[in-house]
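# Coordinate analysis (summary)
In case you want the letters, here they are:
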Amino acid sequence: MQDYTNVLVTKNDIPLLENGTGTSNDGALKTFSCGKFALKTRPVKKEKYQIAGTRKSDNKRIFIVGECTFEGETSQFKNTVSK
């Protein structure tokens, strides 16, 4: 499991989550969970979002486009494109 800090989630350049925390259960970032989203800014299932974060283990910055697969205070995304 990889832990991330400084997580930023945006939709159409509008920040929905800033300075969040996140995790990925695999090194390939196939799925990514993060939070804590405020009630008014929670992602919507099946919509795509831009996600950035810093991996705790080596301070590597990641950027993914993820499709929301679970919406809530902590939401989960399926990686569709990664950098």
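For the structure, see preceding data.
Attention in this report is confined to the structure presented alongside it.

## Observations concerning the pattern of salt bridges
Under the definition given, this model contains 2 salt bridges. Note that Lys-11 and Glu-47 form a salt bridge whose closest N and O atoms lie 3.3 Å from each other. Of the two residues, Lys-11 sits in strand S1 (residues 2-11) while Glu-47 sits in the loop between strand S3 (31-35) and strand S4 (48-55), which places them 36 residues apart along the sequence. Accessibility expressed as a relative area gives 23% for Lys-11, which makes it partly exposed. Asp-58 is paired through a salt bridge with Arg-55; the nearest N and O atoms lie 3.1 Å apart. Overall, the relative accessible area of 13% leaves Arg-55 in the buried class.

## Considerations on the side chain of Ser-24
Mapped onto the elements of the fold, Ser-24 is located in strand S2 (residues 14-24). Exposure remark for Ser-24: the relative accessible area of 1% places this residue in the buried category. Engagement of the side chain of Ser-24 in a polar contact is seen with the backbone oxygen of Thr-31, the distance being 3.0 Å. Here Ser-24 is in contact with Met-1, Gln-2, Tyr-4, Leu-29, Thr-31 and Phe-32, once residues within four sequence places are set aside.

Definitions and limits used
- Residues numbered from 1 in each chain as written.
- Predicted model: local features only at pLDDT ≥ 70, side-chain atom pairs only at ≥ 80, totals over all residues.
- Heavy atoms only, no water.
- Salt bridge = Lys/Arg side-chain N within 4 Å of Asp/Glu carboxyl O.
- Helix = DSSP H or I, 4+ residues; strand = E, 2+ residues; numbered from the N terminus.
- Buried < 20%, exposed > 50% of the residue type's maximum accessible area, 1.4 Å probe, protein only.
- Polar contact = N/O pair within 3.5 Å; in protein donor to acceptor, adjacent residues only side chain to side chain.
- Contact = heavy atoms within 4.5 Å.

So, to be careful, I would describe these as geometric facts and stop short of saying anything about function.
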